[in-house]
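# Topology and contacts: notes
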Amino acid sequence: MRKDKKQVIGDEISDEYIKTFLQFEPADGLTSPSHHKLIKGYRGLRVDDFERYVGFFVAAGYDLDGKDEHGKTFAEAIADQRNAPEYIEIIEKARG
């Protein structure tokens, strides 16, 4: 890396940017909008930012148990992925 280039890791993401993930809608008509929005947030946000996102998600009235076209919840759909436990724990905490 060149001396005049600063490596940027972990910059703070604004609430407004995080809330943009609430705008995504499923294209297939079979996946619930809630499930689709959680998947988009999971794929696009770091775990700390995803935790903030889930707060906005719940405040907006979305369902933490929305299902995909195969009848799986968000937690079930990502369960076999390496970082899933952290994200599933966030969902569990949001349930109360």
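Residues numbered from 1 in each chain as written. Predicted model: local features only at pLDDT ≥ 70, side-chain atom pairs only at ≥ 80, totals over all residues. Heavy atoms only, no water.

## Remarks on the packing of helix H3 (residues 47–59) against helix H5 (residues 84–95)
Test applied: For helices, the fitted line uses only the C-alpha atoms of the stretch in contact; every axis is such a line through C-alpha atoms, and the angle between N-to-C directions lies from 0 to 180 degrees. Labels follow the DSSP assignment, with helices taken as runs of H or I lasting at least four residues and strands as runs of E lasting at least two, numbered in each case from the N terminus. Relative orientations are named as follows: roughly parallel for angles under 35 degrees, roughly antiparallel for angles over 145 degrees, roughly perpendicular for angles from 65 to 115 degrees, and oblique for any other angle. Crossing handedness: left-handed means the near helix sits turned counterclockwise from the far one by under a right angle, and right-handed means the same turn made clockwise. Note on contacts: a residue pair is in contact if any heavy atoms of the two residues lie within 4.5 Å. Residues are sorted three ways: Asp, Glu, Lys and Arg are charged, Ala, Val, Leu, Ile, Met, Phe, Trp, Tyr, Cys and Pro are nonpolar, and all the rest, Gly among them, are polar.
Taken N-terminus to C-terminus, the directions of H3 and H5 make an angle of 30°; their axes are 10 Å apart at the nearest point. As the angle between them shows, H3 and H5 are arranged roughly parallel. As H3 runs across H5, the sense of the crossing is right-handed. Residue-level contacts link Val47, Phe50, Glu51, Val54 and Val58 of H3 to Glu86, Tyr87, Ile90, Ile91, Lys93 and Ala94 of H5. Looking at the contact of H3 with H5 residue by residue, the classes come out as eight nonpolar, no polar and three charged.

## Quick word on the environment of Tyr53
With respect to the secondary-structure elements, Tyr53 resides in helix H3. Considering only alpha carbons, one finds Tyr53 and Lys37, 16 residues apart in sequence, at a separation of 10.0 Å. If we ignore the near neighbours within four places in the chain, the residues touching Tyr53 are Ile18, Phe21, Leu22, Lys37, Leu38, Gly41 and Leu45.

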